[in-house]
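# Observations on chain architecture
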Amino acid sequence: MTMSSIKIECVLRENCRCGESPVWEEASKSLLFVDIPAKKVCRWDSLSKQVQRVIVDAPVSSVALRQSGDYVATVGTKFCALNWANQSTLVLATVDKDKKNNRFNDGKVDPAGRYFAGTMAEETAPAVLERHQGSLYSLFPNHHVEKYFDQVDISNGLDWSLDHKIFYYIDSLSYSVDAFDYDLQTGKISNRRSVYKLEKEEQIPDGMCIDVAGKLWVACYNGGRVIRLDPETGKRLQTVKLPVDKTTSCCFGGKDYSEMYVTSARDGLDSEDLLRQPEAGGIFKITGLGVKGIPPHPYAG
Ligand SMILES: O=C(O)[C@H](O)[C@@H](O)[C@H](O)[C@H](O)CO
Ligand SMILES: [Zn+2]
């Protein structure tokens, strides 16, 4: 038996309406994340505990590091460069031009520096939206946009296997974690299959990340938990419950990527729910998991 002393702490009560896209930036020992409907990108300094916030002009659904410094983000239906010091964005590419009610949702950079992100119809309430309106895209380092497939409901969590040969992907309303064969050289995906179907109490699969053992961590929206999955056996290995129901995404960070950070949401909770979970919309840190993560890949363009 290994010693396990899991500790969960709300490190920042940000009251996010929909916190998402946690990303550890080692250079600044900070956690970046977004609050989608608040149109806000935040950077929480883990040493000073101070937060900096940049407001953009449309819902911002993901943020990522950039090789040349600064960040990239998905804003509305645009892939943008984000200049932190100037608090300004520059459009790199636009998608879904024929779908005025769409916006980007979750995004992450692949091991070759391509920025993957999918879209969805804007929600009228959490998980209430016109279905099959989304698509999955990636922004190549030369700013070319590749479209992979359409008919997506809520494009969400994504990550790559440690050998870069598999792309993992979640369309939330399929209640499934899927895998594709991945060609890192070309950025092409093929052979979609399901590696895990969520159980009823696990609710809606949302953001996801991989650990150094190649296992997947999935934040369960409305499930108040993150679950650890073995994509090879299709089995759930672990459940870690959090003190808020709307857990939205997770990433590893901190010393040697040994801590897990989890974002959460307040939207969709009524006043009674909020009394029972006052930290809803906060950022949580989980320590003592006994497994580490891997550094995020920066966008190469
Ligand atoms: O953050 C996201 O991925 C979506 O934008 C959110 O709105 C919720 O997670 C979704 O409603 C859950 O299904
Ligand atoms: Zn999400």
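Everything discussed here concerns the structure shown above.
Here's what I pulled together on the structure shown here. For clarity, every value in this text was computed on a predicted model and none was experimentally measured.

## Quick look at the pairing of strand S7 (residues 71-75)
The element S7 is extensively covered by neighbouring structure, given that 5 of its 5 residues are classed as buried. The alternating pattern of S7 places Tyr71, Ala73 and Val75 and Val72 and Thr74 on opposite faces, both of which are buried. Inspection of the sheet shows strand S6 (residues 60-65) paired to S7 by 5 bridges, in the antiparallel sense. When the sheet's bridge partners are listed, Ala64 is paired in S7 with Val72. The hairpin formed by S6 and S7 contains 5 residues between the paired strands, and Gly69 there has a positive phi angle of roughly 100 degrees. Taken together, the 5 bridges between S7 and strand S8 (residues 78-83) define a ladder with antiparallel strand orientation. Residue pairing across strands places Thr74 opposite Phe79, the latter belonging to S8.

## Some points on the sheet that holds strand S9 (residues 88-94)
Pairing is antiparallel across the open sheet formed by 4 strands, whose spatial order is S6-S7-S8-S9. The open sheet has two edge strands with one neighbour each: S6 and S9. Strand-to-strand twist of the sheet, defined as the mean angle between neighbouring strand axes without regard to direction, takes the value 25 degrees.

## Some points on unusual backbone geometry
Only a minority of non-glycine residues have a phi that is not negative, and only a minority of peptide bonds are not trans. With a phi angle near 60 degrees, Lys39 is a residue other than glycine that sits in the positive phi range. Counting through the fold element by element, Lys39 comes out in the loop between strand S3 (30-35) and strand S4 (40-45). Classification of Lys39 as partly exposed rests on a relative accessible area of 32%. Despite not being glycine, Gln203 shows a phi value in the positive range, around 65 degrees. Note on placement: Gln203 falls in the loop between strand S17 (188-197) and strand S18 (204-210).

## So, the site of ligand 1
Taken together, 14 residues lie near ligand 1, and Glu20, Asn105, Glu123, Asn156 and Asp206 sit nearest. At a separation of 3.2 Å, an oxygen atom of ligand 1 approaches a polar backbone atom of Ala127. Asn156 has a polar side-chain atom sitting 2.9 Å from an oxygen atom of ligand 1. Its free accessible area being 330 Å², ligand 1 has 98% of it covered by the protein chains. Listing elements by their share of the shell around ligand 1, those giving two or more residues are strand S10 (102-109) and S18.

Conventions and cut-offs
- The numbering scheme is per chain: residues are counted from 1 as the chain's sequence reads.
- The lettering of chains begins at A and the numbering of ligands begins at 1, in the order of writing.
- Reporting in this predicted model follows two pLDDT cut-offs: at least 70 for local features of residues, and 80 or more for side-chain atom pairs to be given and counted; totals over whole chains, interfaces and linings ignore these cut-offs and use all residues.
- Computation of side-chain values: all heavy atoms of the structure, hydrogens and water removed.
- Using a 1.4 Å probe on the protein chains alone, a residue whose accessible area is under 20% of its type maximum counts as buried, one over 50% counts as exposed, and one in between counts as partly exposed.
- A run of DSSP states H or I qualifies as a helix once it reaches four residues; a run of E qualifies as a strand once it reaches two. Both are numbered from the N-terminal end.
- Only strands joined by at least two bridges in the DSSP assignment are considered to pair.
- To obtain each axis, a line is fitted to C-alpha atoms, and for helices this fit is confined to the stretch in contact; angles are then taken between N-to-C directions over 0 to 180 degrees.
- One heavy atom within 4 Å of a molecule or strand makes the whole residue count as near it.
- Pairing of N or O atoms within 3.5 Å defines a polar contact, subject to two protein rules: one partner must be a possible hydrogen donor and the other a possible acceptor, and residues neighboring in sequence count only if both atoms are side-chain atoms.
- All accessible areas in this document rest on Shrake-Rupley with a 1.4 Å probe, and a residue is counted as covered only by the protein chains that are shown.

The analysis is restricted to geometry; functional conclusions fall outside its scope.
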